[in-house]
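Remarks on the overall topology
Letter by letter, the chains look like this.
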Amino acid sequence: MNGTVLHPDVSVRFPIIRWVDSERFLLADARSDGMSHNVFLVDLHGNVQHSFCGGDGIEDIAIGKEGIWIGYFDEGVFGKGISTEGLVLFRLDGSPIFQYHSHLTDRPMIIDCYAMCKGKYSTLWLFPYDDFSGSSPKDVLDF
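Residues numbered from 1 in each chain as written. Predicted model: local features only at pLDDT ≥ 70, side-chain atom pairs only at ≥ 80, totals over all residues. Heavy atoms only, no water.

**Some words on the overall build of the protein chain**
Counting its secondary structure elements, the protein chain contains 2 helices and 11 strands. The secondary structure elements of the protein chain, listed N-terminal to C-terminal, are β-β-β-β-β-β-α-β-β-α-β-β-β. Taken against the 2.2 N^0.38 rule, which gives 15 Å for 143 residues, the C-alpha radius of gyration of the protein chain at 15 Å falls within 12% of a compact globule. Summarising its shape, the C-alpha atoms of the protein chain cover approximately 45 × 35 × 25 Å along the three principal directions. Put simply, the protein chain has 143 residues, and 41% of those count as buried. A separation of at least 24 residues holds for 32% of the contacts in the protein chain among residues at least 6 apart in sequence. Counting every atom, the protein chain has about 7700 Å² of accessible surface; 52% of that belongs to carbon and sulfur. On the protein chain, the mean spot of the 11 positive side-chain charges and the mean spot of the 20 negative ones are 4 Å from each other. (Helix = DSSP H or I, 4+ residues; strand = E, 2+ residues; numbered from the N terminus. Rg over C-alpha atoms; globule rule 2.2 N^0.38 Å. Buried < 20%, exposed > 50% of the residue type's maximum accessible area, 1.4 Å probe, protein only. Contact = heavy atoms within 4.5 Å. Areas by Shrake-Rupley, 256 points an atom, 1.4 Å probe, with all protein chains shown as cover. Lys, Arg positive; Asp, Glu negative; His and termini not counted. Charge placed at Lys NZ, Arg CZ, Asp CG, Glu CD.)

Take a look at the structure:
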């Protein structure tokens, strides 16, 4: 970062990195056993400030004032633990605020969350996949 190499004391095989704010970034490992911490909030000195288990099969992460949105790919959705929700909003401390499949039972199934990005305010745009029968993704959901 800006010519400085940081060495957080974590092991990450499949990294995803996102800015949280001007003082911290999030480092996540896309794969997890579903119990070990794989999401780390790291300061600009490389110190881990907080960590939590974000689930297995992390496809994409978006961060906003409302928290950390994590979307999962099929191996997580059809696995165990929190990733079976397809999409989860976590507080910065790692506690879930919103769980897609549990809280929105009348919405399309998320089998894979190909991509997502933050919109204005608390809006989240995502490109979910709901069917592996050979069709293409149908819906773009806006929260």
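**A look at the pairing of strand β9 (residues 112–118)**
Inspection of the sheet shows β9 paired to strand β10 (residues 124–129) by 6 bridges, in the antiparallel sense. When the bridges of β10 are listed, Cys-117 appears paired with Trp-125. The turn joining β9 and β10, which pair antiparallel and follow one another in sequence, is formed by 5 residues; a positive phi near 55 degrees is taken by Tyr-121. (Pairing = 2+ DSSP bridges.)

**Here's the deal with unusual backbone geometry**
A positive phi angle, near 55 degrees, is found at Tyr-121, a position not held by glycine. Note on placement: Tyr-121 falls in the loop between β9 and β10.

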